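# Coordinates in review
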Amino acid sequence: TRPSASRCVCGIHNDSSLFSPRSIRFSLSIRSTKILRMTMLSCAVIGFALLMRLSLVSSLTMSSSSSSSPGSTTVIVGLNGALQKRFVLGGNANLVPGNVHRAAQIQTGIGGKGQDVAISLACLDFPDMQLAQFVGSGPEGDTVLQLLKDRIGGEAATALSLRTKSPMRTCTTIVASDESTELVEPSGIVTDEEKEEFLEQLKSSCGSPIAAICIMGSMPPGLPEDMYASMYETMAAASSSSTAPLCVIDSVVGLDTMLSAIAKTKGPAILKINASELCKLAGVAKSSSEAGGIALDELVEAVDTFMEKYSAVLDGLALTDGKHPAHLVSFTDDDGSRDIYKITVPSLDPTAVLYPIGAGDSVAAGTLGAWKSLVEQGDEKKKSLSDKIHAALDSRLQSSAAEIMSSSEHTKRMEAAFAFGLSCGSASCLEEENSVFAVDRVLKLFQEIPPPELVSSKKN
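Since this is a predicted model, take the numbers as computed values, not measurements. (Residues numbered from 1 in each chain as written. Predicted model: local features only at pLDDT ≥ 70, side-chain atom pairs only at ≥ 80, totals over all residues. Heavy atoms only, no water.)

## Remarks on the environment of leucine 299
Secondary-structure assignment places leucine 299 in helix α9 (residues 296–310). Under the relative-accessibility criterion, leucine 299 is labelled buried at 1%. When the C-alpha atoms of leucine 299 and alanine 275 are compared, they prove to be 7.5 Å apart, with 24 residues separating the residues in sequence. Among all residues touching leucine 299, those that are not within four sequence positions of it are Ile294, Leu319, His327 and Ile340. (Helix = DSSP H or I, 4+ residues; strand = E, 2+ residues; numbered from the N terminus. Buried < 20%, exposed > 50% of the residue type's maximum accessible area, 1.4 Å probe, protein only. Contact = heavy atoms within 4.5 Å.)

Below, the structure written as structure tokens:
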């Protein structure tokens, strides 16, 4: 039924005068004007939004190019990460085999040598780094990834990460009053498909030039012995400069193939290794236990035996020996010439409770960060460490003993970098969390290290 003339349709009285030709033209004219105005306003809003977006993109691009320069990215290779649990006995309790022990605290954190390096570099506000890693499945893997994001940033933690089907392992540290004991679970197997996906991800992500590489620790089962060599070749190919990236190695896994890959690029490389591990590689028997310091004659024999195979590849050996003095071996020529310098490790309060797990990884991180920063010195855009740290490094370079002052600038930089790394490792022993330290404490310890002492020299 049609509405009557007096009935309201859509809120307007049905008056025939409203539909006269003149009123229709007038209505259409008003409507057209309104539409035109609305269209013009919409175009102006859209144009303004596009202009602001373009301005923002341009600003971000300029900011990015000014804060990071070509060849600034550092990749830390830590393929064998873990969830770290600390079982703290508390008080003066010691670990006694066979006894029941009740924890005063249970702490959860990040484990894995490469992961520790990334955390230490984050303590130094080190820029432009990425962690290449496999992250296991399950809640343990979720926890580790989130902790890493919180510690080193989302991009650094995830850009080169691959989740695996195998669960994430857990490592447990039992912290007693006099020592710490580490319980390490086996790692999950990485499948061939996951390995290929990881390498392809690494290759595609190497659009940014690589300036430095740190290769840390063991590999999970399922990966080939030449995995590190393959990764190095991929990353070295992305280097923007005529020289290959700096490389600090803290691993003996696949060492032959890895050093062969480095030899092809003639890139600068330091092997950071424990003195006991060096003796095992060289087949030299130590007179003391692993906790005991190495004798000088044993050290020289191990170094010279090792040199017969690798001296032409490496720039130096950074040898740690627990609380005992460290040694830097500088290969001065391809003919097998070398110098060995003793570096005193910073002393800590003997009454303090120490947490040494991850200290060696902090040494590697500090050495890499300082070495890279010293090599880049003079280029403000590439500076990797703070002005305060640079001032301390410069002071070390200027005040070194006469023996090293006569050496090359390259040797001086390696020594200063290693001494700084030792300070990072010592400072981390005073913090409960793995590989964490306060920069001011690092600098204090660094300034306390006396100049290096030349203990052996071999010229061919």
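What follows continues from the structure just given.
## Things to note about empty space enclosed by the protein
Under the counting rule described, the total for this entry stands at 2 cavities of 30 Å³ or more. Volume-wise, the largest cavity comes out at about 120 Å³. In terms of lining residues, the largest cavity is bounded by 15 residues, among which Phe134, Gly136, Thr164, Gly188 and Pro220 are the most central. When contributions to the lining of the largest cavity are tallied by element, the ones reaching two or more residues are β6 (129–137) and β7 (161–167). Space inside the second largest cavity adds up to approximately 50 Å³. (1 Å grid on protein atoms, 1.4 Å probe; cavity = no way out; pocket = protein on both sides within 12 Å on 5 of 7 lines; lining within 4 Å. Points joined across faces, edges and corners; volume = space filled by probe spheres on them.)

## Quick notes on the packing of aromatic side chains
Here the distance between the centres and the angle between the planes together describe a pair of aromatic rings. Applying the stated criterion across every chain yields a total of 3 aromatic pairs. Ring plane angle 35° and centroid distance 4.4 Å describe the contact between phenylalanine 134 and phenylalanine 198, whose orientation is recorded as tilted. Placement of the pair is phenylalanine 134 in strand β6 and phenylalanine 198 in helix α5 (residues 192–205), with a sequence separation of 64 residues. Assigned by exposure class, phenylalanine 134 and phenylalanine 198 land together as buried. Plain terms: the ring middles of phenylalanine 420 and phenylalanine 446 are 5.5 Å apart, the flat faces sit at 85° to each other, and that makes the pair edge-to-face. Of this pair, phenylalanine 420 sits in helix α13 (residues 409–428) while phenylalanine 446 sits in helix α14 (residues 439–448), placing them 26 residues apart in sequence. By relative accessible area, which is 0% here, phenylalanine 420 ends up buried. (Phe/Tyr/Trp six-rings, centres within 6.5 Å; stacked < 30°, edge-to-face > 60°.)

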